[in-house]
Amino acid sequence: MHIAGLQKLSLVDYPGVLAATVFVPGCDFRCPFCHNGSLVIRCAAAAGGASNADAGFPSVDEGAFWAFLDKRRGVLQGVCITGGEPLLRSDLPDFCARIKDMGYRVKLDTNGTHPQRLAALLDADFIDYAAMDVKSSWGRYAEAAGLQADAASAAVRAVQESARMLMDGSVPYEFRTTVVRELHDAECLDAMADVLHGARAWYLQRYVDSPDVLAGRGRLSAYDEAEMARIAERLAERAPFVRLRGV
């Protein structure tokens with residue numbers, strides 16, 4: 001597994017669980033509000049002419065990661081795997097299995113575009129919690145995910161399948177949306193609430209601008225905290241499972 005980053009302790013990434021967070025590179029989306037550009041777009045200078053698909057991404061020694069987990073047994077409880085998009089990694093099942101064999105719980109972050117791979121992990125009992133991004137209403141997915149229009153329909157179908165799988169399954173999960181003023185108006189959010197009706201939890205995260213976002217600083221803007229509270233209050237009338245995070 002190519003590990004691009006490691007946060008050795010997180011109190012917020014895995015609800016109720018003391019966890020480490022592993023970052024893996026590569027993503028099939030180009031969300032303009034993404035803060036993990038170094039995991040999405042390879043550094044051309046570092047990649048050079050290398051044929052390795054992971055060239056140009058940051059790298060953490062995998063052996064050091066396993067040694068860290070071994071040392072933290074009995075202290076840490078879980079490992080979050082995020083990206084990028086982890087389900088792009090063919091070695092993800094073996095990676096999850098090894099973490100589980102060490103006695104840790106596994107949380108997976110995903111954009112939902114690979115439902116067959118998600119199903120395989122669920123069926124194998126390799127993940128204990130799933131967090132799936134739902135970027136926007138179906139009609140505005142291309143804009144929110146940074147996709148060409150002709151690729152958006154396939155992505156939406158895949159996300160719909162993954163969402164149904166989680167909602168019909170037994171593994172704890174959450175949906176989450178980064179709310180951006182330019183991308184999420186009342187009509188969009190209402191449509192999302194209707195689609196996610198019956199979900200276990202839907203977290204709305206307030207966009208935070210920075211120089212690291214893919215769109216570039218100053219191109220997108222956030223609702224303020226009072227506006228986010230009003231959005232959540234209004235949506236709760238049709239989506240009682242909606243929650244705010246980071247506000």
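Residues numbered from 1 in each chain as written. Predicted model: local features only at pLDDT ≥ 70, side-chain atom pairs only at ≥ 80, totals over all residues. Heavy atoms only, no water.

Draft legend 1. Structural detail: the pattern of salt bridges. Across all of its chains, the model carries 13 salt bridges by this definition. The residue D190 makes a salt bridge to R238 at a minimum N-O spacing of 3.6 Å. In this pair, D190 is assigned in helix 8 (residues 186-195) and R238 in the loop between helix 9 (225-235) and strand 8 (242-245), connecting sequence segments 48 residues apart. On the basis of relative accessibility, which here comes to 16%, the residue D190 falls in the buried class. Among the charged side chains, a network of salt bridges with common partners joins K107, D109, D133, K135 and R176. (Salt bridge = Lys/Arg side-chain N within 4 Å of Asp/Glu carboxyl O. Helix = DSSP H or I, 4+ residues; strand = E, 2+ residues; numbered from the N terminus. Buried < 20%, exposed > 50% of the residue type's maximum accessible area, 1.4 Å probe, protein only.)

Draft legend 2. Geometry of the sheet that holds strand 4 (residues 105-110). Taken together, the eight strands give an open sheet; going across it, the order is 1-2-3-4-5-6-7-8, and neighbouring strands pair in mixed fashion. This sheet does not close on itself; its edge strands, each paired only once, are strand 1 (5-10) and strand 8. Here the average twist between neighbouring strands, direction ignored, is 20°. In terms of strand pairing, strand 2 (residues 19-23) meets strand 3 (residues 78-82) through five bridges, oriented parallel. Bridge assignment links T21 to a residue of strand 3, and that residue is C80. (Pairing = 2+ DSSP bridges. Axes fitted to C-alpha atoms, helices over the stretch in contact; angles between N-to-C directions.)

Draft legend 3. Structural view of the packing of aromatic side chains. All chains considered together, the criterion is met by seven aromatic pairs. A centroid spacing of 5.6 Å and a plane angle of 25° characterise the contact between F65 and F95, whose relative ring orientation is stacked. In this pair, F65 is assigned in helix 3 (residues 62-71) and F95 in helix 4 (residues 92-101), connecting sequence segments 30 residues apart. Comparing F65 with F95 shows no difference in burial state: the two are buried. A ring pair is formed by W138 and Y141, whose centres lie 5.7 Å apart and whose planes are at 40°; its orientation type is tilted. W138 sits in the partly exposed class, given a relative accessible area of 25%. Assessed through its relative accessible area of 0%, Y141 is described here as buried. (Phe/Tyr/Trp six-rings, centres within 6.5 Å; stacked < 30°, edge-to-face > 60°.)

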